[in-house]
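# Coordinates in review
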Amino acid sequence: MEKSIGKKNTAIIISGKGSNLRSLIKYSKTKKSLIKIVLVISNNSNAKGIQYAKKSKISNIIVKYINKKKFEKRLLKLLKGNKVELICLAGFMKILSADFIKNVNMPILNIHPSLLPKYKGLNTHYRAIKNNEKYSGATVHIVNKKLDSGKIILQERVKILKSDNEENLKSKVLKIEHKIYPKAIIKFLADH
Ligand code: GRF
């Protein structure tokens, strides 16, 4: 595959709705974009997000998660075969193994719906509200072998109001996610 000059060949990996994928596609279409999305991968055949890739005529594929070993083997092949240089996880709900992270030999970024290092893992909004946090937010970080623990690239916070519940906090944080993921990519690529 031809590599467009100056742009990083990027794969986005999703599991679900794909609103972050949509924001990354939008960014990738801007003149100043530093990435070219060459492949969208979903482990979930019902992922609505795959439609965004289809609409934008971006190569997309479902890789069924039979087990971690088989899934990651297939992933590696696809990433190498498409000359991918950067991986962005966007609502990807599986945990990549340390071996995969090492063998893939390219940066992997992830977006997480909390102000890391607080609230790693699942149910972040529920836990933030339950603990009476004043703020929540979103974080883009580099993926390493410890869950949600890699170097933070960018983070932005949002106030939690007394009237907020899990659902509307989720949508407030998602809005921030859509804003900071492209910014974090720009920041990351400036240093790498
Ligand atoms: C986002 O909140 C992301 O941070 C989390 O899962 C959600 C995915 O949303 N890991 P979407 O599929 O990008 O709409």
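Attention in this report is confined to the structure presented alongside it.

### Brief notes about the nonpolar core
Membership of the largest hydrophobic core comes to 34 residues, with the highest contact counts inside it found for Ile-12, Ile-37, Val-40, Leu-86, Tyr-181 and Ile-185. Take this core: its biggest share by element is nine residues, from helix α6 (residues 166–191). Residue contacts for Val-40: discarding those within four places in its chain leaves Ile-12, Ile-14, Leu-21, Ile-50, Ala-53, Ile-58, Ser-59, Asn-60 and Ile-61. By size, the runner-up hydrophobic cluster in this structure holds 21 residues, among which are Val-38, Leu-75, Ile-87 and Phe-92.

### Re the pattern of salt bridges
Overall, the coordinates contain three salt bridges when judged by the stated rule. Ionic pairing is found between Lys-179 and Glu-156, a salt bridge with its closest N-O pair at 2.7 Å. You can see Lys-179 sitting in helix α6 and its partner Glu-156 sitting in strand β7 (residues 152–159), a full 23 residues away along the chain. For the salt bridge of Lys-172 with Asp-164, the shortest nitrogen-to-oxygen distance reads 2.5 Å. Overall, Lys-172 belongs to the partly exposed group, its relative accessible area being 22%. Given the relative accessible area of 10%, Asp-164 is considered buried.

Calculation rules
Residues numbered from 1 in each chain as written. Predicted model: local features only at pLDDT ≥ 70, side-chain atom pairs only at ≥ 80, totals over all residues. Heavy atoms only, no water. Core = buried A, V, L, I, M, F, W, Y, C linked by side-chain atoms within 4.5 Å. Buried < 20%, exposed > 50% of the residue type's maximum accessible area, 1.4 Å probe, protein only. Helix = DSSP H or I, 4+ residues; strand = E, 2+ residues; numbered from the N terminus. Contact = heavy atoms within 4.5 Å. Salt bridge = Lys/Arg side-chain N within 4 Å of Asp/Glu carboxyl O.

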